[in-house]
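Close look at the chain arrangement
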Amino acid sequence: APARVSRTARTLGAGAELVRAEPFFPPPGAALLRDATAAEEVPREAAARRLPGQCSVLLFPGQGSQVVGMGRGLLRYPRVRELYAAARSVLGYDLLELSLHGPQEALDRTAHCQPAVFVASLAAVEKLHHLQPAVIENCVAAAGFSVGEFAALVFAGAMEFSEGLYAVKVRAEAMQEASEAVPSGMLSVLGQSQSKFAFACLEAREHCKTLGIENPVCEVANYLFPDCRVISGHLEALQFLQKNASRYHFRRTRRLPVSGGFHTRLMEPALEPLAHVLKSVSVKKPLVSVHSNVDGNRYAHPKHIPKALVQQVVSPVKWEQTMHAIYERRRGTEFPKTFEVGPGRQLGSILKSCNLQAWKSYRHVDVLEDDGT
């Protein structure tokens, strides 16, 4: 394995003040990426000279992918137990025990599942590096869904593991609190070409007003793939959409197992705590392209990262747009190998619906079983 650069990481203590922690290792992947690009003055030019089929893309899942037992397939790989030990000191509880043994209801809590998915995903990077180091060295882009964007940024060396995890902890707890203030949720909707998502949301908001709800919320929160959206808002609005699905040409609707209407203004109470903690985080230029959920584009400058991470909490996740930005290429050009690092295969399923040819080079790094792949 490439030599690692030792670094003393800082963890964030109470009140978001920086305190010294015990010496800690670089973020998973970041040192490997630095070694792979150290000889190059312009890393992106070096990446461009690789054949497209030799390049790799890493995708990091978000909340909803968590499952009891995740991490079991990772523990024999170098540094994974160290990751979970560091997480315990940052979070103040045993994340590995919760991830391995649950109970599921506790793991599903927003305050727990966001850190759990974040750490499991970066532990999966360690497994991938151990089994296929060339995948890390040839990585040209990374993206993460919602909280997964934090993991993608840590992987790319834009922020330290402990700082990123503490920011995720603050974000998750603030979102949990905001979701408990208003009965709200999220609805996955599979539509068709004539589906009128915006009109459906408008009518659902009007319905809420007739019930006496002031300033009702009902809007698209995730763009997944063509004709598939996740709608967030007041529970009464989501119930209205399910009852009237045929009117809007929705083929299928399903309530998601989350505690609130994420990626809407219902999450505004979470903005200030996250913005405050991110001011204390040292953000560097990512070593590979990392794409923002807010617009699907790769970050052009490190100063844009904290602003976008805050904005992301109340903005729709433009994942479909991100997939187009990463995989768009001339006809006949090979696609990169894609690895979903973390629990679940949902991002692979979405990729298949966005770009079938790109999906043919997709692999999943299993966090439940040690399958050696």
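Reading the values: the criteria
Residues numbered from 1 in each chain as written. Predicted model: local features only at pLDDT ≥ 70, side-chain atom pairs only at ≥ 80, totals over all residues. Heavy atoms only, no water. Helix = DSSP H or I, 4+ residues; strand = E, 2+ residues; numbered from the N terminus. Buried < 20%, exposed > 50% of the residue type's maximum accessible area, 1.4 Å probe, protein only. Contact = heavy atoms within 4.5 Å. Areas by Shrake-Rupley, 256 points an atom, 1.4 Å probe, with all protein chains shown as cover. Polar contact = N/O pair within 3.5 Å; in protein donor to acceptor, adjacent residues only side chain to side chain. pLDDT = per-residue confidence, 0-100. Pairing = 2+ DSSP bridges. Axes fitted to C-alpha atoms, helices over the stretch in contact; angles between N-to-C directions. Parallel < 35°, antiparallel > 145°, perpendicular 65-115°, else oblique. Left-handed = near helix turned anticlockwise from the far one by under 90°. Nonpolar A, V, L, I, M, F, W, Y, C, P; charged D, E, K, R; others polar.

**Things to note about the overall build of the protein chain**
Of regular secondary structure, the protein chain possesses 16 helices and 12 strands. Put simply, the protein chain has 373 residues, and 56% of those count as buried. Here the contacts in the protein chain between residues at least 6 apart in sequence split such that 77% fall between residues at least 24 apart. By element, 50% of the accessible surface of the protein chain is carried by carbon and sulfur atoms, the whole surface being about 15900 Å².

**Side note on the side chain of S121**
Inspection of the secondary structure assignment puts S121 in helix α6 (residues 110–131). Classification of S121 by relative accessible area gives buried; the value is 1%. Separated by 3.2 Å, the side chain of S121 and the backbone oxygen of V341 make a polar contact. When near neighbours in sequence (up to four residues on either side) are disregarded, S121 contacts F60, P61, A151, V341, G342 and P343.

**As for the confidence of the model for the protein chain**
Confidence in the prediction for the protein chain averages 89 pLDDT; 86% of positions are at 70 or higher. Across residues 1–26, confidence stays below pLDDT 50; counting only partners more than four residues off in sequence or on other chains, it has 67 contacts.

**As for the pairing of strand β3 (residues 56–60)**
Burial within β3 is extensive, with five of its five residues counted as buried. On β3, burial covers both faces: S56, L58 and F60 on one face and V57 and L59 on the other are all buried. In the sheet, β3 pairs with strand β4 (residues 139–144) via five bridges, with the strands oriented parallel. Within the sheet, the bridge partner assigned to S56 lies in β4 and is C139. Where β3 and strand β11 (residues 337–341) come together, four bridges link them in parallel fashion. Note on β11: the bridge partner recorded for V57 is T338.

**Quick notes on the packing of helix α3 (residues 80–91) against α6**
Packing of α3 against α6 leaves a shortest axis separation of 9 Å and a crossing angle of 155°. The orientation of α3 with respect to α6, classified from their angle, is roughly antiparallel. Here α3 and α6 pass one another in a crossing that is right-handed. Taking contact as the criterion, the partners of V80, L83, Y84, A87 and L91 in α3 are, on α6, P115, V119, A120, L122, A123 and E126. Here the residues of the contact of α3 with α6 sort into 10 nonpolar, no polar and one charged.

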